[in-house]
Amino acid sequence: MMISDSLPQMWLIYFGLAVVVVFSGYMAVRILPRFMRWLVVGGVTGMIAVPAGFHVTATVPADSYSGMAPAIVAFAVSLIQKDGSGAASSFAMLVLGTGVGVAAGLGIWWLGRGREQRRRAAQHPSRRAAHDDKEDQEEAVDSGLRAESRDAPARSAAARRAARDRQEPSL
């Protein structure tokens, strides 16, 4: 039963809290662009989630303990105990986990980028339709000017066209 085993329960609680931390962290960095947000959250998730082996020595060798723990915890314990080999192995796992997390964040951003582009494209048809309507109106005005130029003297049609094409200076 899982309640009687403390190690699986500890990992379950740890990963439950890690999910809360990752979600809170994602919400906390909402000011960053989506690309940077996913890279940061992926890196932190990789640091939190990857396990590493550790060995804790006591004054009596029979009381020493070895096992698996999150790499960031194993690294911190190794630094406190001044255990160079333990710190090196846990740091390697920490860097590996961070790299995998950043790669996963990059992948999530890449997959979400297509969805974002489709959403933007769905919002822009109204702009495209307005642009097409404007072009249709300009074509109608041009054809009206051509018809007008056939009926009116050439000089007045040219004067109207020059007035229409004249641009005011911008500041």
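This write-up is about the structure you can find in this document. (Residues numbered from 1 in each chain as written. Predicted model: local features only at pLDDT ≥ 70, side-chain atom pairs only at ≥ 80, totals over all residues. Heavy atoms only, no water.)

## Thoughts on the overall build of the protein
Put simply, the test is: We count a stretch as a helix when DSSP gives it H or I for four or more residues in a row; a strand needs E for two or more, and each element gets its number in order from the N terminus. For this analysis, residues touch if any pair of their heavy atoms sits within 4.5 Å. The protein chains shown are the only cover counted for residues, whose accessible areas, like all others here, come from Shrake-Rupley with a 1.4 Å probe.
Summing up its helical and strand segments, the protein has six helices and two strands in all. Each helix (α) and strand (β) of the protein, taken in turn from the N terminus, gives the series α-α-β-β-α-α-α-α. If you take every contact in the protein between residues at least 6 apart in sequence, the share linking residues at least 24 apart comes to 40%. Summing over all exposed atoms, the protein offers an accessible surface of approximately 12500 Å²; the carbon and sulfur share of this is 66%.

## What to know about unusual backbone geometry
The backbone of Lys82 sits at a positive phi, close to 55°, despite the residue not being glycine. As for its position among the elements, Lys82 is in the loop between α3 (71-81) and α4 (84-123).

## As for the packing of aromatic side chains
Using the following cut-off: Under the pairing criterion, centres of Phe, Tyr and Trp rings, with the six-membered ring standing for Trp, must be within 6.5 Å; the plane angle then separates stacked pairs below 30 degrees from edge-to-face pairs above 60, leaving the rest tilted. Categorising residues by exposure relies on relative accessible area from a 1.4 Å probe, with only protein chains included: less than 20% of the type maximum marks a residue as buried, more than 50% marks it as exposed, and the intermediate range marks it as partly exposed. For a lysine, the NZ atom is tested; for an arginine, the CZ atom; a charge sits over a ring if that atom is within 6 Å of the ring centre and within 35 degrees of the ring normal.
Enumeration according to the criterion identifies seven aromatic pairs in this entry. Note on Trp11 and Tyr14: the rings are 6.1 Å apart at their centroids and 85° apart in plane angle, and the pair reads as edge-to-face. One end of the pair, Trp11, and the other, Tyr14, are both in helix α1 (residues 6-28), three residues apart, so they sit about a helical turn from each other. Ring geometry for Phe35 versus Trp109: centroids 4.8 Å apart, planes at 70°, classification edge-to-face. Residue Phe35 is found in helix α2 (residues 34-49), and its partner Trp109 is found in helix α4; the two are separated by 74 residues along the sequence. By relative accessible area, which is 32% here, Phe35 ends up partly exposed. Cluster of aromatic residues (ring-pair linked, three or more members): Trp11, Tyr14 and Phe15. Cation over ring: Arg113 sits above Trp110, and NZ or CZ is 4.1 Å from the ring centre.

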